[in-house]
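# Descriptive analysis of the structure
Residue-level listing of the chains:
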Amino acid sequence: MTQIQFDIDHQLLLILNDVPPQDDDFELWASIFLHHDAFSKCEFEQGADVHLMRFIYKTQRFNLNFEHYSESIWITADGIEAEALLPELYQYLISN
């Protein structure tokens, strides 16, 4: 089961998974997680410790991040306009 929390202090959405994805599976996991008509996937970046999937929601860019060692997953906004949409994105994700 996946839960989502809105961390207002850090302006991010924390994704809590009972079974987090494996390092090599994050791109597939991210594609499934972002499989909504409201999102457009932009690009995937794989680093040594952190991977991210960039996506667009309502013309604004966001990053779905995964840190391998802590198995942490979170969404950050890319810019002030996107940050203003975080509460709406949170509501969209928890309602779908």
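For the structure itself, consult the block above.
An account of the accompanying structure is given in this report. (Residues numbered from 1 in each chain as written. Predicted model: local features only at pLDDT ≥ 70, side-chain atom pairs only at ≥ 80, totals over all residues. Heavy atoms only, no water.)

### Regarding the nonpolar core
Ranked by size, the top nonpolar core spans 23 residues in total, and within it Phe33, Phe55, Phe62, Leu64, Ile75 and Leu89 carry the most contacts. Breaking this core down by element, the ones donating at least two residues are strand 2 (12–17), helix 1 (26–33), strand 4 (50–57), strand 5 (60–67), strand 6 (72–77) and helix 3 (86–95). In contact with Ile75, not counting residues within four places along its chain, are Leu12, Leu13, Ile15, Phe33, Phe55, Phe62, Asn63, Leu64, Asn65, Leu89 and Leu93. (Core = buried A, V, L, I, M, F, W, Y, C linked by side-chain atoms within 4.5 Å. Buried < 20%, exposed > 50% of the residue type's maximum accessible area, 1.4 Å probe, protein only. Helix = DSSP H or I, 4+ residues; strand = E, 2+ residues; numbered from the N terminus. Contact = heavy atoms within 4.5 Å.)

### Quick word on the sheet that holds strand 2
An order of 1-2-6-5-4-3 is seen for the 6 strands of this open sheet, with the pairing classed as antiparallel. Pairing within the sheet leaves two strands with one partner each, and these edge strands are strand 1 (2–7) and strand 3 (39–46). Adjacent strand axes in the sheet meet at a mean angle of 20° when their direction is disregarded. Bridge count between strand 2 and strand 6: 4 bridges; the pairing is antiparallel. Paired with Leu13 across the strands is Ile75, a residue of strand 6. The sheet contacts of helix 3 involve strand 1, strand 2, strand 3, strand 4, strand 5 and strand 6, and relative to strand 1 the element is tilted by about 165°. (Pairing = 2+ DSSP bridges. Axes fitted to C-alpha atoms, helices over the stretch in contact; angles between N-to-C directions.)

### Details of the environment of Leu52
Structurally, Leu52 can be placed in strand 4. Owing to a relative accessible area of 14%, Leu52 belongs among the buried residues under this scheme. Residue contacts for Leu52: discarding those within four places in its chain leaves Phe26, Glu43, Phe44, Glu45, Asn63, Leu64 and Asn65.

### A closer look at the packing of aromatic side chains
Summed over the entire model, instances satisfying the criterion amount to 11 aromatic pairs. Judged by centre distance (5.0 Å) and plane angle (10°), the rings of Phe26 and Phe66 are stacked. Placement of Phe26 in helix 1 and of Phe66 in strand 5 is noted, with a sequence separation of 40 residues between them. Summarising the burial analysis for this pair, Phe26 and Phe66 share the class buried. An aromatic cluster of at least three residues, connected via ring pairs, comprises Phe26, Trp29, Phe33, Phe44 and Phe66. (Phe/Tyr/Trp six-rings, centres within 6.5 Å; stacked < 30°, edge-to-face > 60°.)

### Re the pairing of strand 2
Taken together, the 6 bridges between strand 1 and strand 2 define a ladder with antiparallel strand orientation. Bridging from a neighbouring strand, Asp7 pairs with Leu12 of strand 2.

### Remarks on the pairing of strand 3
When strand 3 meets strand 4, the two strands line up antiparallel, connected through 7 bridges. Within strand 4, the residue paired with Glu45 across the bridge is Leu52. Between the end of strand 3 and the start of strand 4, which pair antiparallel, lie 3 residues.

### Here we look at the pattern of salt bridges
Counted by the stated rule, this structure contains 5 salt bridges. With a closest N to O distance of 3.6 Å, Glu43 and Arg61 form a salt bridge. Here Glu43 is found in strand 3, whereas its partner Arg61 is found in strand 5, with 18 residues between them in sequence. Residue Glu43 is classed as partly exposed on the basis of its relative accessible area, which comes to 35%. (Salt bridge = Lys/Arg side-chain N within 4 Å of Asp/Glu carboxyl O.)

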